[in-house]
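Chains, contacts and geometry: an overview
The residues making up each chain are set out below.
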Amino acid sequence: MNFDKSKELYEDSVNYLPGGVDSPIRAFKPYPFFVEKAKGSKIFDVDGNEFIDYCLGYGPIIYGHANESIVEESRKQLELGTAYGVPSEKEIILAKEVIDRVPCAEMVRFCNSGTEATMSAIRLARGVTGKNKIIKFEGAYHGAHDAVLVKSGSGMAGKPDSPGVPEDATKNTILVPFNDEEAVTKIINDNKDDVACIIIEPIMGNIGCVPPRDGYLKFLREITAENNILLIFDEVITGFRLSKGGAQQHYHVTPDLVTFGKILGGGFPIGAIAGKREYIEQFAPSGSIYQAGTFSGNPVSINGGIAGLKLLTDKFYNDLHDKGEYLRNGMSDILTDLKLDFQINGVESMTQVYFTDNEVYDYDTAKLSDSKGFLKYFHTLLDNGVFIAPSQFECCFLSGQHSTEDLDKTLEAMEIAFKEL
Ligand SMILES: *Cc1c(COP(=O)(O)O)cnc(C)c1O
């Protein structure tokens, strides 16, 4: 495959954009491909190469790229204006749709990104409980704001994970290992009356794909309820991906608050905080907890979200989940044939492989994987027309547009990649 034009653009871009990109994960070595367009399950680069896309914009594009009905509806909205600064009826329509689908959602505040959503949800939890500490899980990603940019090291007051984040901003963030009941119990007991919330990705999607063990989310629901701690599900990935009502519907555990992003905008930028009315109502102006945004409830994103969610029917999810099974079964068969003892983690349309023979159930076990090997795997897949996120610690996603032919081609590429490891 020839990447000459991408190389040229990359060499130019590093002069103007830090690392040549607008978000760090996009900068893989030796240089990323530059996109020309994307359609359905495929993404096309400026050199004329075509890839089956499992990155899907890091999650949002469950509908497939440039979905026709979303494009059509969006075109109409563009004619009607793109930012108003006053409310519009469509915000009510999308809020009702979210409330219809999501068990914990009685009220919604729209914002512009997952980062904004988790930042505001944490502020809300602190505001309504009058407590300051928050518990998060090692390896969990909740966006790029200070309180959650915390270095791992369980059970300790958080140390900043980036220069520029003051210790004061992270000292109330406590890390615990995922899938560990004892650790959470101990932290809550040690910090009696100080913990405002537990924030969790119900399926860890930022260390690959790590599902909760049976009963773990239910345990968290119970211990938080007993201790006047709010349980926040960060469903920026799992929301509208795992099922109509997200991970909380899939696992039958209802949190107090939920955060959304990625899929909710139909492919346009969006975020949302939803949950129990008594909490969400505390946001200004009905309450006193500040939360605001110029583009919040942006008509293009809201309209895209309405058009997008229309496509996400029961049948859509059934088909999508079958594709996930098909892919994982295929991967598993190849690994068995090659006598390789790797871990394939996945739930429904989320999948990741770890190059280790250890079970992967938290951040420490995810780190046992050969992540250099993973980069080789990534490049072999790319050379064979398959684009996955360039990191062991990301997840592969499926869209409604991935065909059986796409999946079979992908499995062929994976077989080559596994053999070359
Ligand atoms: C992507 C992501 C975020 C951040 O969302 P942005 O829209 O990138 O700000 C937050 N939480 C989780 C679980 C995510 O995967």
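Residues numbered from 1 in each chain as written. Predicted model: local features only at pLDDT ≥ 70, side-chain atom pairs only at ≥ 80, totals over all residues. Heavy atoms only, no water.

What to know about the sheet that holds strand E10 (residues 271-275)
In spatial order, the strands read E4-E10-E9-E8-E7-E5-E6; together these seven strands make up an open sheet with mixed pairing. Lying at the two open borders of the sheet, with one neighbouring strand each, are strand E4 (107-111) and strand E6 (173-176). Each strand axis lies, on average, 20 degrees off the axis of its neighbour in the sheet, ignoring direction. Here three bridges tie strand E5 (residues 133-137) to strand E7 (residues 195-200), and the two strands are oriented parallel to one another. Directly across from Lys133, in E7, lies its bridge partner Val195. (Pairing = 2+ DSSP bridges. Helix = DSSP H or I, 4+ residues; strand = E, 2+ residues; numbered from the N terminus. Axes fitted to C-alpha atoms, helices over the stretch in contact; angles between N-to-C directions.)

Looking at the packing of aromatic side chains
Remark: the centre distance and the inter-plane angle together describe each pair of aromatic rings, the angle taken between the planes. The tally for this structure, following the rule as stated, stands at 20 aromatic pairs. Summarising the aromatic geometry, the rings of Tyr377 and Phe418 are spaced 5.3 Å apart at their centres and angled 15 degrees between planes, so their arrangement reads as stacked. On the criterion of sequence distance, the pair formed by Tyr377 in helix H13 (residues 371-383) and Phe418 in helix H14 (residues 404-420) is long-range, its members being 41 residues apart. The pair Tyr377 / Phe418 is uniform in exposure class, with both members buried. When the ring centre of Tyr361 is taken as reference, the NZ or CZ atom of Arg213 above it lies at 4.2 Å. (Phe/Tyr/Trp six-rings, centres within 6.5 Å; stacked < 30°, edge-to-face > 60°. Buried < 20%, exposed > 50% of the residue type's maximum accessible area, 1.4 Å probe, protein only. Lys NZ or Arg CZ within 6 Å of the ring centre and 35° of its normal.)

Some points on the side chain of Gln248
Tracing the backbone shows Gln248 in helix H8 (residues 246-251). Among the residues examined, Gln248 registers a relative accessible area of 1% and is labelled buried. Here the side chain of Gln248 touches Cys104 through a polar contact of 2.9 Å, landing on its backbone nitrogen. Once residues lying within four places of it in the same chain are set aside, the contact partners of Gln248 are Val102, Pro103, Cys104, Phe233, Glu235, Val253, Thr254, Pro255 and Val258. (Polar contact = N/O pair within 3.5 Å; in protein donor to acceptor, adjacent residues only side chain to side chain. Contact = heavy atoms within 4.5 Å.)

Some points on the pairing of strand E8 (residues 230-234)
Here E8 lies mainly inside the structure; five of its five residues are buried. Alternating residues of E8 divide into Leu230, Ile232 and Asp234 and Leu231 and Phe233, and every residue in both groups is buried. Handedness of the β-α-β unit built from E7, helix H7 (residues 216-226) and E8 comes out right-handed. In terms of strand pairing, E8 meets strand E9 (residues 257-260) through three bridges, oriented parallel. In the strand pairing of E9, Phe233 is matched with Val258. Regarding the hand of the β-α-β motif, the stretch spanning E8, H8 and E9 is right-handed. (Right-handed = clockwise from strand over helix to strand, strands pointing away.)

What to know about the site of the ligand
Taken together, the residues surrounding the ligand are Ser113, Gly114, Thr115, Tyr141, His142, Gly143, Glu201, Asn206, Asp234, Val236, Ile237 and Lys262. One nitrogen or oxygen atom from the side chain of Thr115 is found 2.6 Å from an oxygen atom belonging to the ligand. In this structure, Lys262 approaches the ligand through a side-chain N or O atom, which is 2.6 Å from an oxygen atom. Computed on the free molecule, the ligand has an accessible area of 380 Å², of which 83% lies beneath the protein chains in the complex. (Near = heavy atom within 4 Å. Areas by Shrake-Rupley, 256 points an atom, 1.4 Å probe, with all protein chains shown as cover.)

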